[in-house]
Amino acid sequence: AALMANDPDYVRNLMAEPNEALRRAFLEGDWSIFAGQYFADFRRELHVLPAEFKIEPWWTRFGGYDHGYFHPYLFGAFASDGDGNVYMYSEVGGRGRNLTQIADEIHAVCPEVNGMTIWAGHDCWSVQRDGGPTIHEQFAGMGAKRLNLVKADISRISGATQVRTYLAPNKDGNPKLYLLENCRHTIECLPRMIHDTN
């Protein structure tokens, strides 16, 4: 109120602010946004749903997997509701795990994973230094703990564009991508991603 009394054009000036980070911070009180943020449309109050949100059994389910040993691996389980909305409902990740440990952790958070297609990075098909089976081959040979990996489109530009499209609110103010609150790694990571000047 004091700002409005001192400057009646305060709100109008803020609405004209070209820097989205400043505009959202001062006008909407959204201090989670910062200059250079890549997924600036991400809003916790809009995109994050309670962990109890019901994923219907007839929704199409699929997974995403990024392999890592020294850097963290991450698995995410997703469901599509048939109306074009996608829900990330489970995730697990860590570092320093062997493939059996990773498979056990994935099955623990996503028991239905055996029937899912899991889109994975191309490194899962790389020839191993010792000439042994690829990561894909090792996961495929784990019997009841097997993981059905399929090569993902790993283009960073098209992938990031797709995520931004799904995060952006439509004319009704609703996005097409939601994350359940138990997907903590992704919820923390998405808003921290920044533009790469290269």
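One structure accompanies this document, and this report is about it. Predicted model only: the values in this text are computed from it and were never measured.

1. Here we look at the packing of aromatic side chains
Counted by the stated rule, this structure contains eight aromatic pairs. Measuring from ring centre to ring centre gives 6.4 Å for Phe53 and Trp59, while their planes differ by 40°; the resulting arrangement is tilted. When its relative accessible area of 12% is taken as the criterion, Trp59 is described as buried. On the numbers, 4.9 Å between centres and 90° between planes, the contact of Tyr69 with Phe70 is edge-to-face. Clustering of aromatic rings is evident, with ring pairs tying together Phe53, Trp59, Tyr87 and Tyr178. Directly above the aromatic system of Tyr166 lies the positively charged group of Lys176, at a separation of 4.8 Å from the ring centroid.

2. Describing the pattern of salt bridges
Where side chains of opposite charge bring their charged atoms close, a pairing between them can arise. Following the criterion strictly, the structure yields three salt bridges and no others. Across the pair Asp104 and Lys145 runs a salt bridge whose closest N-O atoms are separated by 3.7 Å. Pair noted here: Asp104 is in helix α5 (residues 99-109) and Lys145 is in the loop between α6 (135-140) and β6 (149-151), with a separation of 41 residues, a long-range link.

3. A short note on the sheet that holds strand β4 (residues 86-94)
Taken in spatial order, the seven strands make up an open sheet running β1-β7-β4-β3-β2-β5-β6, and their pairing is mixed. A single partner strand is all that each edge strand has here, and the edge strands are β1 (48-49) and β6. Where β4 and strand β7 (residues 177-180) come together, three bridges link them in parallel fashion. Bridge pairing links Val86 to Leu177 in β7. Its contacts with the sheet put α5 on β2 (60-66), β3 (73-80) and β4, and the angle it makes with β4 is roughly 145°.

4. Some points on α5
Three or more residues of α5 are buried, namely Leu99, Ile102, Ala103, Ile106 and His107. In a view along the axis of α5, the buried residues occupy a sector of 130°, so they form one face of it. Those residues of α5 that are buried lie in contact with β2, β3, β4 and α6. For α5, the N-terminal cap is Asn98; the gap from its side-chain oxygen to the backbone nitrogen of Thr100 is 3.0 Å.

Here is what the cut-offs are and how they apply
- Residues numbered from 1 in each chain as written.
- Predicted model: local features only at pLDDT ≥ 70, side-chain atom pairs only at ≥ 80, totals over all residues.
- Heavy atoms only, no water.
- Phe/Tyr/Trp six-rings, centres within 6.5 Å; stacked < 30°, edge-to-face > 60°.
- Buried < 20%, exposed > 50% of the residue type's maximum accessible area, 1.4 Å probe, protein only.
- Lys NZ or Arg CZ within 6 Å of the ring centre and 35° of its normal.
- Salt bridge = Lys/Arg side-chain N within 4 Å of Asp/Glu carboxyl O.
- Helix = DSSP H or I, 4+ residues; strand = E, 2+ residues; numbered from the N terminus.
- Pairing = 2+ DSSP bridges.
- Contact = heavy atoms within 4.5 Å.
- Axes fitted to C-alpha atoms, helices over the stretch in contact; angles between N-to-C directions.
- Arc of directions from axis to C-beta.
- Polar contact = N/O pair within 3.5 Å; in protein donor to acceptor, adjacent residues only side chain to side chain.

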